[in-house]
Amino acid sequence: MEDSEAKVPNPRKADLERLRSDLAKEVESLRKALKGPTEEIGGDKVWVGKNARAWHRELEGRHKKLGEQVDRLLPVVDAAIRGEPEKVSPSEARAYNKGT
């Protein structure tokens, strides 16, 4: 077994941290993705009537669901990061890099 001095930074952890950083930048735009269309259709300025109300309800539901899903993303990535060691053996790092 290799000693602790031979350990290298964990590339999987680095990738997860990069993912988390990129995702954090996108969360707000993801959360707002359907907000504008939902408000426009629901405001009786773009489209009115029975079908407009049905579309508005559908978009409201999707907007809410998207927000709930986005809110779950960062905690999942944070948990994955916490589960990764800071350092791994060189062979573990090579195996990870080979698979990506």
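Keep in mind it's a predicted model, so treat the numbers as computed, not measured.

**Q** Sorry, what's going on with the overall build of the protein chain here?
**A** A count of helical and extended segments in the protein chain gives four helices and two strands. Mapped from its N terminus to its C terminus, the protein chain presents α and β elements in the order β-α-α-α-β-α. Rg of the C-alpha trace for the protein chain: 22 Å, well past the compact-globule value of 13 Å for 100 residues, more than 25% over. With the C-alpha coordinates of the protein chain rotated into their principal frame, the extents come out at 70 × 20 × 15 Å. Evaluated residue by residue, the protein chain yields a buried proportion of 21% over its 100 residues. Taking all contacts inside the protein chain whose residues are at least 6 apart in sequence as the whole, residues at least 24 apart take part in 82%. For the protein chain, the exposed surface amounts to about 7,500 Å²; the carbon and sulfur share of it is 53%.

**Q** How should I be thinking about the pattern of salt bridges in this particular structure?
**A** Between side chains of opposite charge, a pair can form when the charged atoms approach closely. Per the counting criterion, the structure on display carries five salt bridges. Residue Arg-12 is joined to Glu-84 by a salt bridge in which the shortest nitrogen-to-oxygen separation is 3.3 Å. Of this pair, Arg-12 sits in helix H1 (residues 11-31) while Glu-84 is found in the loop between helix H3 (50-82) and strand S2 (87-88), placing the two residues 72 residues apart along the sequence. What makes Arg-12 partly exposed here is its relative accessible area of 39%.

**Q** How should I be thinking about the nonpolar core in this particular structure?
**A** The tendency in soluble globular proteins is for nonpolar side chains to be buried side by side. If you look at the biggest cluster of nonpolar residues, it comprises seven residues: Leu-16, Leu-23, Val-27, Val-70, Leu-74, Val-77 and Ile-81. Those elements giving two or more residues to this core turn out to be H1 and H3. Ranked by residues supplied to this core, first place goes to H3 with four residues. If we skip the residues at most four places from it in the chain, Ile-81 touches Lys-13, Leu-16, Glu-17 and Arg-20.

What counts, and where the lines are drawn
- Sequence order as written defines the numbering, with residues in each chain counted from 1.
- A pLDDT threshold of at least 70 governs which residues receive local features in this predicted model, and a stricter bar of 80 or more applies before side-chain atom pairs are shown or counted, although totals over entire chains, interfaces and linings include all residues.
- Derived side-chain values reflect all non-hydrogen atoms in the structure, with water molecules and hydrogen atoms excluded from consideration.
- Secondary structure follows DSSP: runs of H or I at least 4 residues long count as helices, runs of E at least 2 residues long count as strands, and numbering of each begins at the N terminus.
- Here the globule rule reads 2.2 Å times residues to the power 0.38, and the radius of gyration is calculated from C-alpha atoms.
- Accessibility here uses a 1.4 Å probe with only protein chains present; expressed as a share of the type maximum, an area under 20% marks a residue as buried, one over 50% as exposed, and anything in between as partly exposed.
- Should any heavy atoms of two residues lie within 4.5 Å, those residues are counted as being in contact.
- Every accessible area reported is derived by Shrake-Rupley at a probe size of 1.4 Å, with residue values counting cover from the shown protein chains alone.
- Put simply, a salt bridge is a Lys or Arg side-chain nitrogen that is within 4 Å of an Asp or Glu carboxyl oxygen.
- Side-chain atoms within 4.5 Å are what join buried Ala, Val, Leu, Ile, Met, Phe, Trp, Tyr and Cys residues into a set we call a nonpolar core.

No statement about biological role is implied by the geometric values presented.
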